Amino acid sequence: EELTIIRKFEHIEHCLKRNVQAHVTNGFEDVHFVHMSLPEIDKDEIDLSVEFLGRKFDYPIFIAGMTGGTKGSQLAGRINKTLAKAAQELNIPMGVGSQRAMIRKPETWESYYVRDVAPDVFLVGNLGAPQFSETIRERYGLEEALKAVETIQADALAIHMNPLQESVQPEGDTQYRGVLKALAELKAEFPYPIIAKETGAGVSMEVAVRLESIGIDAIDVGGLGGTSWSGVEYYRAKDEIGRDLALRFWDWGIKTAISVAEVRYATELPIIATGGMRDGIAMAKALAMGATFAGVALPLLKPAVKGDVEGVIKILRRYIEEIRNAMFLVGARNVEELRKVPLVITGFTREWLEQRIDLPSYLRNRG
Ligand code: FNR
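Cut-offs and rules
- Residues numbered from 1 in each chain as written.
- Predicted model: local features only at pLDDT ≥ 70, side-chain atom pairs only at ≥ 80, totals over all residues.
- Heavy atoms only, no water.
- Near = heavy atom within 4 Å.
- Polar contact = N/O pair within 3.5 Å; in protein donor to acceptor, adjacent residues only side chain to side chain.
- Helix = DSSP H or I, 4+ residues; strand = E, 2+ residues; numbered from the N terminus.
- Core = buried A, V, L, I, M, F, W, Y, C linked by side-chain atoms within 4.5 Å.
- Buried < 20%, exposed > 50% of the residue type's maximum accessible area, 1.4 Å probe, protein only.
- Contact = heavy atoms within 4.5 Å.
- Phe/Tyr/Trp six-rings, centres within 6.5 Å; stacked < 30°, edge-to-face > 60°.
- Pairing = 2+ DSSP bridges.
- Right-handed = clockwise from strand over helix to strand, strands pointing away.

Peer 1: Please provide a residue-by-residue account of the site of the ligand, values included.
Peer 2: Surrounding the ligand, one finds 23 residues, the nearest of these being Met66, Ser98, Lys197, Thr227 and Arg278. Here a nitrogen atom of the ligand and a backbone polar atom of Met66 are 2.8 Å apart. Asn126 is positioned with one of its side-chain polar atoms (N or O) 2.9 Å from an oxygen atom of the ligand. Looking at the shell around the ligand, the elements that each hand over two or more residues are helix H1 (2-17), strand E8 (194-198) and helix H12 (298-305).

What follows is the structure, given as structure tokens:
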């Protein structure tokens, strides 16, 4: 039982001290804006706000869920409260990390609780998809989902899909049978929006279509090219077989840029583009490709661990100014207009998408 809690702590330590990023890019280097010499707008009039699940946000950036329930709940609590203060200040949404530890040990709830410092933040709770499978011993349903959201006064619930990570760790939950059916049942009764999120291996259009068909409200593509959970498990592996397996799958998955295109092409769901988003130009490309938000996790961890709210805000403001500048240089006054500017897709991303979707039709209609 202590295991989950220790595991979480190890994850944060590895994320801080080692290189846990994918060795491959997230694909946005293959996506190009066409520079506009006559933007015909004033940079000052650019509006970066977006709407999502009935709420309006000042900037199209989402702080992706990372933690909670660690041993010494102080660490996780500090991280979440620091991120929450930044999110409150900027009026952007944020998620917390997996609440499995809280379901098991209700006394860890405070490490997820941020309402005292962020009364208005759009907050997203977090549970894992394997917990909803029909074969898992510790099976969750409506009760646990409600507990996750209501204990921390969240506005929505994220269900993380992480078969890659679970499959390369010795103690992993590799039971995934019946998850879709269980989520469909949950969705029918659950009064809060549900966001299905990957955690670094991307969401295909096939999976996205299924999620849309059961009424899931949004998808965080959590694509390949940023934090690699197989990479994290590589450092945690106890023997050579485990290390070899994790190393082999370090760069497994669908790149973030590709996943955004597939999900936008095949569904109408709002998209959060997470996975290796490290600058505002890539973020602007994700928005132009049809995402509502760019999501960020790893870069915010370092200042958040130190309780450095200004440090978190500084990074986010840099992204915001870069997004704004990119929008100016393509003449987009707002995100809606950004989805109409021409995009050129080259290289690996183009080759992939040409085999998977009607690329010209997607490029014409990314709204
Ligand atoms: C994560 N992520 C994550 N996701 C989730 O749904 N539940 C979780 O508990 C966690 N925990 C977690 C811890 C840490 C330290 C990191 C860095 C990340 C995944 C995260 O939300 C995101 O999808 C990926 O990290 C990809 O984004 P970046 O890190 O490449 O910006």
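Peer 1: Kindly report on the nonpolar core, identifying the contributing residues and their values.
Peer 2: It is characteristic of soluble globular proteins that their nonpolar side chains tend to be buried jointly. By size, the foremost hydrophobic cluster in this structure holds 119 residues, and its most contacted members are Phe33, Phe52, Leu83, Met94, Met289, Leu316 and Leu338. When residues of this core are assigned to their parent elements, the largest contribution, 9 residues, is made by helix H13 (residues 309-329). Those residues in contact with Leu316 that sit more than four places away from it in its chain are Ile61, Ile63, Ala86, Leu90, Ile92 and Leu300.

Peer 1: Account for the packing of aromatic side chains, naming residues and giving values.
Peer 2: Per the counting criterion, the structure on display carries 13 aromatic pairs. Relative to Phe293, the ring of Phe52 has its centre 5.1 Å away and its plane inclined at 85°; by these criteria the two rings are edge-to-face. Remark: Phe293 occurs in strand E11 (residues 293-296) and Phe52 occurs in strand E2 (residues 50-52); sequence separation between them is 241 residues. Accessibility classification places Phe52 together with Phe293 in one group, the buried group. Between Tyr234 and Tyr235, the ring centres sit 5.2 Å apart and the planes meet at 75°, which makes this aromatic pair edge-to-face. Relative accessible area serves as the criterion here: at 24%, Tyr235 is assigned to the partly exposed category. Here the aromatic residues Phe52, Phe57, Phe62, Phe122 and Phe293 are joined through ring pairs into a cluster of three or more.

Peer 1: Describe the pairing of E11, listing the residues and the values that go with them.
Peer 2: Burial along E11 is two-sided: the face carrying Phe293 and Gly295 and the face carrying Ala294 and Val296 are both buried. The pairing of strand E4 (residues 61-63) with E11 spans 3 bridges and is classified as parallel. By the bridge assignment, Ile63 is partnered in E11 with Val296. Each parallel crossover has a hand, and for strand E10 (residues 271-274) linked through helix H11 (residues 280-288) to E11 it is right-handed.

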